[in-house]
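# Tertiary structure, described
Spelled out, the chains give:
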Amino acid sequence: MKRWSIAIDGPAGAGKSSVAKILAGKLSYTYLDTGAMYRAVTYESIKRDITTPLEIADMAKSLSMEVTAETDGMHVLIEGTDITSHLRTPEVSAKVSEIASISAVREAMVSIQRNIADKGGIVLDGRDIGTVVLPNADFKVFLTASVHKRAERRFKEFKTIYSDITLEEVEKEIEKRDWKDSHREVSPLRPAEDAVIIDNSDLTLEETAELLLHMVKNK
Ligand code: CDP
Ligand code: CDP
């Protein structure tokens, strides 16, 4: 059977990465978390105190970025250093949409993503996979859920690490990021015309992954 490229796009907390990981595992495909790449550029710009879009774009273009598959998921290495544990902090989350709206940053990331996806047998999750990165992907899903459900899911993950964070704060951060991602000029978050739209507000993670697997096998 041909090794497909599968695109999963959607807003924050919809379950994209978790579902993509399960799907890739069941199909013995590679999994690429493209959000982690934008987070890596954001983390590096904060660390190096680089603030202007032009300088951030130059940095992104010259960064040596490597992604590896580990047992606990995808890792990102910058100049050989594994920075994965720094990518999901509130500081990076608050800044990432702004960095991801710089078109030269997107061009640099899309080029790496297309190289990795070149041979097929891959599940990518992000915001613009079906619309820009792989417009000819074999199967496209736009995964979504109500903002409240998505915030509840993220809150559950956060509250063990950041004990003083509230559900309201998480919901506001998600709404803000979704708005920025959907309203930017370059590659805004939107479903591709040929994407299957799935609202998994009332589905468990396992049910969602099973549904997608069923769709892939029956396409
Ligand atoms: O996991 P979560 O949905 O919170 O975010 P993520 O997938 O790690 O993506 C972080 C941010 O990167 C998004 O809010 C977008 O601003 C940006 N992003 C993007 O612009 N294009 C992508 N293909 C993936 C992420
Ligand atoms: O990648 P994205 O931001 O779209 O979401 P995620 O990081 O895969 O999922 C956010 C959280 O929601 C994870 O803890 C998932 O286990 C959980 N989730 C869930 O409880 N039920 C679903 N149907 C989908 C995700």
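Because the structure is a prediction, the values reported are computed rather than measured. (Residues numbered from 1 in each chain as written. Chains lettered and ligands numbered in written order. Predicted model: local features only at pLDDT ≥ 70, side-chain atom pairs only at ≥ 80, totals over all residues. Heavy atoms only, no water.)

### Observations regarding the site of ligand 2
Taken together, 16 residues lie near ligand 2, and G13, K16, S17, S18 and E157 sit nearest. G15 is positioned with one of its backbone polar atoms (N or O) 2.9 Å from an oxygen atom of ligand 2. Expressed as a share of its isolated accessible area of 550 Å², the protein-covered part of ligand 2 is 82%. Where the shell around ligand 2 is concerned, the elements lending two or more residues are α1 (16-27), α7 (147-158) and α9 (205-218). (Near = heavy atom within 4 Å. Polar contact = N/O pair within 3.5 Å; in protein donor to acceptor, adjacent residues only side chain to side chain. Areas by Shrake-Rupley, 256 points an atom, 1.4 Å probe, with all protein chains shown as cover. Helix = DSSP H or I, 4+ residues; strand = E, 2+ residues; numbered from the N terminus.)

### As for the sheet that holds strand β8 (residues 196-199)
Pairing in this open sheet of 5 strands is parallel, and the strands run β2-β6-β1-β7-β8 from one edge to the other. If you trace the sheet from one side to the other, it starts and ends with β2 (30-33) and β8, each paired once. Direction aside, the axes of adjacent strands within the sheet are offset by 20 degrees on average. Alignment of strand β1 (residues 5-9) against strand β6 (residues 122-126), held across 5 bridges, turns out to be parallel. Note on β6: the bridge partner recorded for I6 is V123. Against the sheet, helix α2 (residues 34-47) contacts β2 and β6, and its axis sits at roughly 40 degrees relative to β2. Packed on one face of the sheet, α9 meets β1, β7 (139-144) and β8 and runs near 160 degrees to β7. (Pairing = 2+ DSSP bridges. Axes fitted to C-alpha atoms, helices over the stretch in contact; angles between N-to-C directions. Contact = heavy atoms within 4.5 Å.)

### Some words on the UniProt feature "binding site: ATP" (unreviewed entry) in the protein
Taking the numbering used here, the UniProt-annotated feature "binding site: ATP" (unreviewed entry) corresponds to G10, P11, A12, G13, A14, G15, K16, S17 and S18. Mapped onto the elements of the fold, A14 is located in the loop between β1 and α1. Taking the relative accessible area as the measure of exposure, A14 reaches 0% and is therefore buried. With residues up to four places along the chain from it excluded, the contact list for A14 reads L143, T144, R150, R153 and N200. Among the secondary structure elements, S18 is positioned in helix α1. (UniProt positions renumbered as here; feature names shortened; annotations may be inferred. Buried < 20%, exposed > 50% of the residue type's maximum accessible area, 1.4 Å probe, protein only.)

### Remarks on the sheet that holds strand β3 (residues 65-70)
Across the sheet, 3 strands lie side by side as β3-β4-β5; this open sheet has antiparallel pairing. Pairing within the sheet leaves two strands with one partner each, and these edge strands are β3 and β5 (81-82). Bridge count between β3 and strand β4 (residues 73-78): 6 bridges; the pairing is antiparallel. Residue pairing for β4: E66 is matched across the bridge by L77. Set on the sheet, α2 makes contact with β3 and β4; between it and β4 the angle comes to about 35 degrees.

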